[in-house]
Amino acid sequence: MWCQRLAWLLRGPCQQRGSTGRRWPWLPRDPGPVLAVPARCHPTATESPRCAWQLHQDHLELRYGNTLMRLDFVWLRDHCRSASCYNAKTNQRSLDTASVDLAIQPQAVRVDETTLFLTWPDGHVTRYGLEWLVKNSYEGQKQQVMHPRILWNAEIYRQAQVPSVDCRSFLETDEGLKEFLQNFLLYGIAFVENVTPTKEDTEILAERISIIRETIYGRMWYFTSDFSRGDTAYTKLALDRHTDTTYFQEPCGIQVFHCLKHEGTGGRTLLVDGFHAAEQVLRQAPEHFELLSKVPLKHEYVENVGGCHNHMIGVGPVLNVYPWNNELYLIRYNNYDRAVINTVPHDVVRRWYHAHRALTAELRRPDNELWVKLKPGKALFVDNWRVLHGREAFTGYRQLCGCYLTRDDVLNTARLLGLQA
């Protein structure tokens, strides 16, 4: 019955005598004219997801399993994986996209249990696996998560009992490195124990997973509370939760902390899962989440201390999401470095303040705060696009070293070890 209904819909106007213009309930009301091309319905095996398709003026409508896809003809020609269009050895496109006729239409379409076949006007045949289309279509991407995560508050993280990785295992074995990266990808933080408490050994640790990103703070930063830079971090004062380098056009992806020495009291490190807090805002007040993801803000760093003269400006919303599935991938939150809000009109500003207050309230909930005492030999890696950090005030002499890592290289290392990143 399914195939008979489909074949009827794909007949030419003269063949649809008695037609009332009714369509499948899952298809749009105004699909445009149907192409007069050969159309066949191929019933699938009983164990396979059922498949049905219909041609429109500029796209193919294809249902496979529970996914309804609308695939533009230019897109279907451009993504052909034949040997003449795509180099499978280099995984690069060979077809010149600019050479594809933007009004192109297939001359013939055929679908079997696993594959879509399209014949183009020049005789070229494109084949697509139906599973590949589900995975790579817009509709398929909307159903997928780019980066699987476990959102946490302090209690969730403690109950998970996420283990630290021993330094030797981290440096010398793929198993230790993979365990560390899996923890880091899921929770946005990870620890390495038994690290020799020197800047040089911390650098070796960081280089195991990434190229170190040089910034205005140098390659490896090393500081005490001497206010050698014009930044609150170089003091003994408490620091509220924040993400770093919001004033970069692309904030640094990963931050490494290693406390080399502390002779005094206080100084615990505060960690907050910004994505968990944002998720709570999304559930309770989606209009606040949407505003925080769309209003662009300026953050800046102005420094005039000694020989250091910097004025850096970064622009972006507090919450950054993938537009196709609304998945959060970056939070830019730093009340210290936020510049004058002059990028939105007055009628938006007040609504933004309400949204910002809602997010701040979640970030400051005591049950979202994970407090960690850093000590010599224990290195902490923080996803600066996700997890906010801060510290309590301290007394005495405290030495910290660390660096920023390039996010692309960390994710690349994870993928080479078979992790989804």
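Residues numbered from 1 in each chain as written. Predicted model: local features only at pLDDT ≥ 70, side-chain atom pairs only at ≥ 80, totals over all residues. Heavy atoms only, no water.

- Going by an unreviewed UniProt entry, the protein carries the name Trimethyllysine dioxygenase, mitochondrial and comes from Pardalotus punctatus.
- Per its UniProt entry, the protein bears the Subunit (unreviewed entry) comment "Homodimer."
- Word for word, the UniProt comment on the protein under Function (unreviewed entry) is "Converts trimethyllysine (TML) into hydroxytrimethyllysine (HTML)." (UniProt positions renumbered as here; feature names shortened; annotations may be inferred.)

### Brief notes about the overall build of the protein
Thinking step 1. In terms of regular secondary structure, the protein is built from 12 helices and 23 strands.
Thinking step 2. Within the protein, buried positions represent 50% of all 421 residues.
Thinking step 3. About 21,000 Å² of surface is accessible on the protein, with carbon and sulfur atoms providing 50% of the total. (Helix = DSSP H or I, 4+ residues; strand = E, 2+ residues; numbered from the N terminus. Buried < 20%, exposed > 50% of the residue type's maximum accessible area, 1.4 Å probe, protein only. Areas by Shrake-Rupley, 256 points an atom, 1.4 Å probe, with all protein chains shown as cover.)

### Some thoughts on the pattern of salt bridges
Thinking step 1. Tallying each qualifying case throughout the model produces 18 salt bridges.
Thinking step 2. Of the charged contacts in the structure, one is a salt bridge between Glu207 and Arg219, with a shortest N-O distance of 2.4 Å. Placement of the pair is Glu207 in helix α8 (residues 199-207) and Arg219 in the loop between β11 (212-213) and β12 (221-223), with a sequence separation of 12 residues.
Thinking step 3. Overall, Glu207 belongs to the partly exposed group, its relative accessible area being 41%.
Thinking step 4. Residue Asp273 pairs with Arg386 through a salt bridge whose shortest N-O separation is 2.8 Å. Taken as a pair, Asp273 in strand β15 (residues 269-273) and Arg386 in the loop between β21 (379-383) and β22 (387-391) lie far apart in primary sequence, 113 residues in all.
Thinking step 5. Take Asp273: its relative accessible area is 1%, and that puts it in the buried class.
Thinking step 6. Its relative accessible area of 1% is what places Arg386 among the buried residues.
Thinking step 7. Bridged by salt links that share partners, the residues Asp240, Arg241, Arg364 and Glu369 form one connected network. (Salt bridge = Lys/Arg side-chain N within 4 Å of Asp/Glu carboxyl O.)

### Observations regarding helix α12 (residues 407-416)
Thinking step 1. For α12, the complete set of buried residues consists of Arg407, Val410, Leu411, Thr413 and Ala414. End-on, the buried residues of α12 take up no more than an arc of 155°, which puts them together on one face. Facing away from the buried side of α12, by more than 90 degrees, are the exposed residues Asp408 and Leu416.
Thinking step 2. Buried positions along α12 lie against α7 (174-187), β14 (254-263), β21 and β23 (397-405).
Thinking step 3. Just downstream of α12, Gly418 is the residue with a positive phi angle, here 90°. (Arc of directions from axis to C-beta. Contact = heavy atoms within 4.5 Å.)

### Description of the nonpolar core
Thinking step 1. Phe170, Phe180, Leu181, Ile209, Phe381 and Leu405 are the most contacted members of the largest nonpolar core, which has 28 residues in total.
Thinking step 2. For this core, the secondary structure elements donating two or more residues are α6 (167-172), α7, β10 (189-193), α8, β14, β21, β23 and α12.
Thinking step 3. For this core, the leading source of residues is α7, giving 5 residues.
Thinking step 4. If near-sequence neighbours (up to four positions away) are discounted, Phe180 is found in contact with Val165, Phe170, Ala190, Phe191, Val192, Ile209 and Phe381. (Core = buried A, V, L, I, M, F, W, Y, C linked by side-chain atoms within 4.5 Å.)

### Considerations on the packing of aromatic side chains
Here a ring pair, both rings aromatic, is described through the centre-centre distance and the interplanar angle of the planes.
Thinking step 1. Applying the stated criterion across every chain yields a total of 17 aromatic pairs.
Thinking step 2. Ring geometry for Phe170 and Phe180: centres 4.9 Å apart, planes at 80°, overall edge-to-face. Separated by 10 residues along the polypeptide, Phe170 in helix α6 and Phe180 in helix α7 bring together distant segments of the chain. Here Phe170 and Phe180 have matching classes, each one buried.
Thinking step 3. Each ring, one from Tyr329 and one from Trp385, has its centre 6.2 Å from the other, and the planes form 55°; the classification is tilted. (Phe/Tyr/Trp six-rings, centres within 6.5 Å; stacked < 30°, edge-to-face > 60°.)

### Let's talk about the sheet that holds strand β6 (residues 108-111)
Thinking step 1. Taken in spatial order, the 3 strands of this open sheet run β6-β7-β8, and their pairing is antiparallel. Lying at the two open borders of the sheet, with one neighbouring strand each, are β6 and β8 (125-129). Adjacent strand axes in the sheet meet at a mean angle of 15° when their direction is disregarded.
Thinking step 2. The sheet contact formed by strand β7 (residues 115-119) and β8 spans 5 bridges and is antiparallel. Note on β8: the bridge partner recorded for Leu118 is Thr126. (Pairing = 2+ DSSP bridges. Axes fitted to C-alpha atoms, helices over the stretch in contact; angles between N-to-C directions.)

### Observations concerning the packing of α7 against α12
Thinking step 1. The geometry of α7 relative to α12 is characterised by a closest axis approach of 10 Å and an angle of 120° between their N-to-C directions. Between α7 and α12, the crossing angle belongs to the class labelled oblique. Crossing geometry of α7 relative to α12 is assigned as left-handed. In this structure, α7 contributes Leu177, Leu181, Phe184 and Leu185 to the contact, and α12 contributes Val410, Leu411, Thr413 and Ala414.
Thinking step 2. When the residues that make up the contact of α7 with α12 are grouped by side-chain class, the tally is 7 nonpolar, 1 polar and no charged. (Parallel < 35°, antiparallel > 145°, perpendicular 65-115°, else oblique. Left-handed = near helix turned anticlockwise from the far one by under 90°. Nonpolar A, V, L, I, M, F, W, Y, C, P; charged D, E, K, R; others polar.)

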